[in-house]
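# A structural walkthrough
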Amino acid sequence: MTFKIATWNINSVRLRRGLVEKLIAQESPDVICLQEIKCRDAEFPGGAFRMLGYEQQAVSGQKGYHGVAILSRIPLENVNKREFCGIGDARHISVSLRANGKMPIDLHNFYIPAGGDIPDREQNQKFGHKLDFLDELALWIEKDRLAHERAILVGDLNIAPFEHDVWSHKALLKIVSHTPIEVEKLNRALGSGPWHDAMRHFVPESEKLYTWWSYRSPDWAAADKGRRLDHVWVSKKLAPQLRGMKVLRDARGWEQPSDHVPVIVEMEI
DNA sequence: ATGGTGGTCCTACCA
């Protein structure tokens, strides 16, 4: 079967439930991974999505900040929430997708810390937290061999690793999300192991590719000062099965938009 | 170099 997965930092799922419904109407993904739901589990509008066929749901919420969720039309098993850096932030949830009797696919949904403004862990604890999170992620991936078979990793990773993942490589080298130390740590976690970048699989490294445009730019489309903060990675075993990818840039212009847009990947599973 | 906007929840904090 051709399987379609979407990932989207929704920046409050209660405020933008209608935009998720619009995504569903337009794209009808089999699985939707959301980040920054910004609500507790009990406040998640699961009923509305259930009515649209997403009867399988896994939610890790908290009050006011962060929070991740997975909506699925495919049966989910083994819901797991990992706590990073020993603080209670809801920044990860994983499930196994059980599709048409084949071996399940492990799916990890992440919201990696943004890291604040100053790219120095001595001056900015939030940047230190981001680096520690990435180190812990790299260790976990290696130790538990997260991509050993059929696996997908998505989310707002808050890092734009390639030169053309940002509007100006030179201007952003000291801007959190594109600093060399963050890129190096992301590469250590994902770039050199059993993972495969499913977005750059379809778009060459020499081409600009963004998923986020700041709210602070009223002319976001004209200025087009974007960054690719949202990612889809698949295990190398799944890489030959990739069939398509798109970034729904239009969603940045929807009414009362998120500052991130959905990324959609299709593959045979 | 600076400030620009938007979310949560009600006072700043976070992005």
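Everything quoted here is computed from the prediction, not taken from an experiment.

Here the focus is the sheet that holds strand β5 (residues 76-80). Consider a sheet: its strands pair through backbone hydrogen bonds, and that pairing is either parallel or antiparallel. Within the open sheet, the six strands sit side by side as β5-β6-β7-β8-β12-β9. Their pairing is mixed. Two strands bound the open sheet, and with one partner strand each, they are β5 and β9 (195-197). Taken pair by pair, the neighbouring strands of this sheet meet at an average axis angle of 20°, ignoring direction. Bridging between strand β8 (residues 151-156) and strand β12 (residues 230-235) involves five bridges; their strand directions are antiparallel. From the neighbouring strand, D156 faces β12, where its bridge partner is D230. Those strands touched by helix α3 (residues 125-143) are β6 (92-97), β7 (105-111), β8 and β9, and its axis lies near 170° from that of β7.

Judged by nonpolar contacts, the single largest core of 32 residues is most densely connected at F3, I5, I70, L97, L107, I152 and M267. Among residues more than four places away in sequence, those in contact with I70 are V31, I32, C33, Q56, Q57, A58, L76, I93, V95, L107 and N109.

A separate point is empty space enclosed by the protein. A full pass over the atoms with the stated rule returns one cavity of 30 Å³ or more. The space that makes up the largest cavity amounts to roughly 40 Å³. Forming the boundary of the largest cavity are R82, F84, I87, D89, R91, H129 and F133. Residues that form the lining of the largest cavity fall into these classes: three nonpolar, one polar and three charged.

Let us look at the protein's contact with DNA strand B. Neighbouring residues of DNA strand B: 16 residues in total, closest S12, L15, R16, Y215 and R216. Each atom of DNA strand B within 4 Å of the protein was assigned to sugar, phosphate or base; sugar and phosphate come to 64%. At 3.3 Å from a phosphate oxygen of DNA strand B is found a main-chain nitrogen or oxygen belonging to G64. Here a base nitrogen of DNA strand B sits 2.5 Å away from a polar atom, N or O, in the side chain of R216. Considered class by class, the residues forming the surface near DNA strand B number five nonpolar, four polar and seven charged.

Quick look at the packing of aromatic side chains now. Under the counting rule described, the total for this entry stands at eight aromatic pairs. Note on W8 and W254: the rings are 6.1 Å apart at their centroids and 80° apart in plane angle, and the pair reads as edge-to-face. Of this pair, W8 sits in strand β1 (residues 2-9) while W254 is found in the loop between β13 (242-247) and β14 (263-268), placing the two residues 246 residues apart along the sequence. Put simply, the rings of F84, F110, F133 and W140 pair up and form one aromatic cluster. Seen from the ring of F84, R82 lies directly overhead, with NZ or CZ sitting 5.3 Å from the centre. Its end group placed over the ring of W140, R82 keeps NZ or CZ at 4.5 Å from the ring centre.

Okay, the pairing of β7 next. For β7, the tally of buried residues reaches six of seven residues, placing the bulk of the element in the interior. Here β7 pairs with β8 via six bridges, running parallel. The residue bridging Y111 from the neighbouring strand is D156, located in β8. This β-α-β element, β7 to α3 to β8, shows right-handed connectivity.

Reading guide: rules and limits
Residues numbered from 1 in each chain as written. Chains lettered and ligands numbered in written order. Predicted model: local features only at pLDDT ≥ 70, side-chain atom pairs only at ≥ 80, totals over all residues. Heavy atoms only, no water. Pairing = 2+ DSSP bridges. Helix = DSSP H or I, 4+ residues; strand = E, 2+ residues; numbered from the N terminus. Axes fitted to C-alpha atoms, helices over the stretch in contact; angles between N-to-C directions. Contact = heavy atoms within 4.5 Å. Core = buried A, V, L, I, M, F, W, Y, C linked by side-chain atoms within 4.5 Å. Buried < 20%, exposed > 50% of the residue type's maximum accessible area, 1.4 Å probe, protein only. 1 Å grid on protein atoms, 1.4 Å probe; cavity = no way out; pocket = protein on both sides within 12 Å on 5 of 7 lines; lining within 4 Å. Points joined across faces, edges and corners; volume = space filled by probe spheres on them. Nonpolar A, V, L, I, M, F, W, Y, C, P; charged D, E, K, R; others polar. Near = heavy atom within 4 Å. Polar contact = N/O pair within 3.5 Å; in protein donor to acceptor, adjacent residues only side chain to side chain. Phe/Tyr/Trp six-rings, centres within 6.5 Å; stacked < 30°, edge-to-face > 60°. Lys NZ or Arg CZ within 6 Å of the ring centre and 35° of its normal. Right-handed = clockwise from strand over helix to strand, strands pointing away.

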